[in-house]
Amino acid sequence: MKSPPTAATAARDAALLTLRCDRGLSATEQDELSQWLAADPQHRAALGEHRWGWDELDRLAGLQTSVHAIPDPDLLAPPKARVRGVLLRFVAPIALAAAAVTLGLFLWQARAPLVPTAAPVRSLALIEQRELSDGSVIELNRGAIVTEHFTSTERRVRLQRGEAHFKVAKDAARPFFVEAGGVAVRAVGTAFNVRLDSASVEVLVTEGRVKLETATAAVLAPVADEGSRPGPVAPEPTFLGAGERTVVSLAPAAPAPQVAPVPPAEIEARLAWQPRLLDFTSAPLPEIVAEFNRRNPVRLILGDAALAEMRLSATLRSDNLEGFVRLMASDFGLSAEWRGDDQIVLTRAGQ
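Participant: What is the right way to read the pairing of strand 9 (residues 209-213) from this model?
Facilitator: Working note: regular strand, side chains alternate between the two faces of the sheet. A one-sided burial pattern is seen for strand 9, the buried positions being V210 and L212 and the unburied ones R209, K211 and E213. As paired elements, strand 9 and strand 10 (residues 238-241) share four bridges and run antiparallel to each other. Within strand 10, the position partnered with L212 by the bridge is T238.

See below:
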């Protein structure tokens, strides 16, 4: 039987972790949660009770949980926050005391014994969310690199490699530019995605409207001195609105880019890499694996047919594939084996 101080400490830690899970775990926090759960069976029970009580409060208050990495401002509005705070003080103790069955964060249909954590999974680059000084937010896909240069008259970001999504804070006095491979995208207050590879630059607008220019020299370079020969005339700019996409070829003498509408389902598929919380309730492991595979370049493979019977209830960050694999090793006795650079095979340990 656990001593009261130990139980009190577990309850306090579980309450803090419940709040973190509600607003979304970072990759590091996901790993810390896995280690905390594996350290003591009492931790699982304490967290399950607090998560149950928190979910009940959401239903009672009529709130919906945002699954995006960036908090939903409507959920943080003062009136709703006060309602939730009052409910927490009066409902949570009753809900927790009435819990006859503890709902653990991670459940099996047939529980596997805890085993020591396996060797660390090969480190994977995570998706980074960066808030700029003006309030704009950049989400960087795995391995993407950006640099920024802000002045009193303009905001300029250069995508040097990879893919990034930009949610631009409105500031009419300081236009926002994104440069990638000789292409400049200008926006005042909007959201758009830019992907740079060796042959092209893809721009997809999700909100608002942007202006695209394929001769950044005309945008960046100072005016030539008087008497010097004029430079080449910049091509006409291209405008894109919400739900539109274009691909600019980086080949010499490439044709002008064409703007095409993109259906919502295709937009969602193209931006599936963006991090979000995946909430599963008694979901089969193949379903969870399929969701991770849809959102990550490294694919998970179940190397044991019996794993299809495994069920899991969890809230997981979509880009923390490494943390998920470590969880399966530490909590459920699975082993992970890399195949090449883009596959991880999960099997029962010892097979």
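That shown, we press on.
Participant: Sorry, what's going on with unusual backbone geometry here?
Facilitator: Note on backbone geometry: most residues besides glycine have negative phi, and most peptide bonds are trans. Although it is not a glycine, A253 sits at a positive phi angle of roughly 55°. You can see A253 is positioned in the loop between strand 11 (244-249) and strand 12 (259-261). Of the residues examined, A253 reaches a relative accessible area of 81% and is grouped as exposed. Positive phi, close to 50°, is recorded for S282, a residue that is not glycine.

Participant: Can you help me understand the side chain of T347 in this one?
Facilitator: In this fold, T347 is placed in strand 17 (residues 343-348). Excluding residues that lie within four positions of it along the chain, T347 makes contacts with G303, L307, L334 and S335.

Participant: Can you help me understand the nonpolar core in this one?
Facilitator: The tendency in soluble globular proteins is for nonpolar side chains to be buried as a group. One finds I138, V157, F166, F176, V185, F192 and V194 to be the most contacted residues of the largest nonpolar core, which totals 27 residues. Only strand 2 (137-140), strand 3 (145-150), strand 4 (155-167), strand 5 (176-180), strand 6 (183-187), strand 7 (191-196), strand 8 (200-207) and strand 9 provide two or more residues apiece to this core. Take this core: its biggest share by element is four residues, from strand 4. Setting aside chain neighbours within four positions, we find F166 in contact with V137, I138, V157, F176, V178, T190, A191, F192 and V194.

Participant: So what exactly am I meant to see when it comes to the pattern of salt bridges here?
Facilitator: If charged atoms from side chains of opposite charge come close, those side chains can pair. Applying the stated rule across the entire model yields 18 salt bridges. R156 is the salt-bridge partner of E154, the closest N and O atoms lying 2.9 Å from each other. Residue R270 is joined to E202 by a salt bridge in which the shortest nitrogen-to-oxygen separation is 3.0 Å. Of the two residues, R270 is situated in helix 6 (residues 264-270) and E202 in strand 8; the sequence distance between them amounts to 68 residues. Accessibility expressed as a relative area gives 28% for R270, which makes it partly exposed. Among the charged side chains, a salt-bridge network with shared partners connects R195, D197, E202, R245, E266 and R270.

Participant: What's the story with the side chain of D331 in this structure? I'm lost.
Facilitator: Tracing the sequence through the fold places D331 in helix 8 (residues 321-332). Accessibility expressed as a relative area gives 0% for D331, which makes it buried. At 3.5 Å, the side chain of D331 forms a polar contact with the side chain of S330.

Participant: Looking at this model, I keep getting lost on the sheet that holds strand 17. Mind explaining?
Facilitator: Within a sheet, each strand pairs with its neighbour through backbone hydrogen bonds, oriented either parallel or antiparallel. Read from one edge of the open sheet, three strands run 14-17-16, paired in mixed fashion. The two strands at the open ends of the sheet, each matched to only one other strand, are strand 14 (299-302) and strand 16 (334-339). Sheet twist, expressed as the average angle between the axes of neighbouring strands with direction ignored, equals 30°. Sheet topology note: the strand 16/strand 17 ladder contains six bridges and is antiparallel. Within the sheet, the bridge partner assigned to A336 lies in strand 17 and is L346. Each of strand 14, strand 16 and strand 17 touches helix 8; the most contacted strand, strand 16, lies at about 140° to it.

Participant: Can you walk me through the packing of helix 7 (residues 285-295) against helix 8 in this structure?
Facilitator: For any two helices packed against each other, one specifies the crossing angle of their axes together with the interaxial distance. Running from N to C, helix 7 and helix 8 cross one another at 160°; their axes reach a closest spacing of 11 Å. Classed by the angle they form, the pair helix 7 and helix 8 counts as roughly antiparallel. The handedness of the crossing between helix 7 and helix 8 comes out as left-handed. Residue-level contacts link L285, I288 and F292 of helix 7 to L321, F324 and M328 of helix 8. Of the residues contributing to the contact of helix 7 with helix 8, the split by class is six nonpolar, no polar and no charged.

Participant: Where do I start with helix 8 in this structure?
Facilitator: Working note: α-helix, 3.6 residues per turn, so residues spaced by three or four point in the same direction. Its 12 residues give helix 8 an end-to-end C-alpha distance of 16 Å, which sits within 8% of 16 Å, the value for a rise of 1.5 Å per residue. In terms of burial, helix 8 is largely enclosed, as 11 of its 12 residues are buried. After helix 8 finishes, the residue G333 shows a positive phi value of roughly 70°.

Participant: What am I meant to see in the packing of aromatic side chains here?
Facilitator: What characterises a pair of aromatic rings is the spacing of the ring centres plus the angle enclosed by the ring planes. Considering all chains together, one arrives at four aromatic pairs under this definition. A centroid spacing of 6.3 Å and a plane angle of 80° characterise the contact between F150 and F176, whose relative ring orientation is edge-to-face. Taken as a pair, F150 in strand 3 and F176 in strand 5 lie far apart in primary sequence, 26 residues in all. Residue class for F176 comes out buried when judged on its relative accessible area of 0%. Between F166 and F192, the ring centres sit 5.4 Å apart and the planes meet at 25°, which makes this aromatic pair stacked.

Participant: What should I look at first to understand the environment of F280 in this one?
Facilitator: Relative to the helices and strands, F280 resides in strand 13 (residues 277-284). It is 9.4 Å that separates the C-alpha atoms of F280 and R311, two residues lying 31 residues apart in sequence. With residues up to four places along the chain from it excluded, the contact list for F280 reads E287, I288, E291, L312, S313, A314 and L316.

Reading guide: rules and limits
- Residues numbered from 1 in each chain as written.
- Predicted model: local features only at pLDDT ≥ 70, side-chain atom pairs only at ≥ 80, totals over all residues.
- Heavy atoms only, no water.
- Buried < 20%, exposed > 50% of the residue type's maximum accessible area, 1.4 Å probe, protein only.
- Helix = DSSP H or I, 4+ residues; strand = E, 2+ residues; numbered from the N terminus.
- Pairing = 2+ DSSP bridges.
- Contact = heavy atoms within 4.5 Å.
- Core = buried A, V, L, I, M, F, W, Y, C linked by side-chain atoms within 4.5 Å.
- Salt bridge = Lys/Arg side-chain N within 4 Å of Asp/Glu carboxyl O.
- Polar contact = N/O pair within 3.5 Å; in protein donor to acceptor, adjacent residues only side chain to side chain.
- Axes fitted to C-alpha atoms, helices over the stretch in contact; angles between N-to-C directions.
- Parallel < 35°, antiparallel > 145°, perpendicular 65-115°, else oblique.
- Left-handed = near helix turned anticlockwise from the far one by under 90°.
- Nonpolar A, V, L, I, M, F, W, Y, C, P; charged D, E, K, R; others polar.
- Expected span 1.5 Å × (residues − 1).
- Phe/Tyr/Trp six-rings, centres within 6.5 Å; stacked < 30°, edge-to-face > 60°.

Spatial relationships are all this shows, so hold off on functional conclusions.
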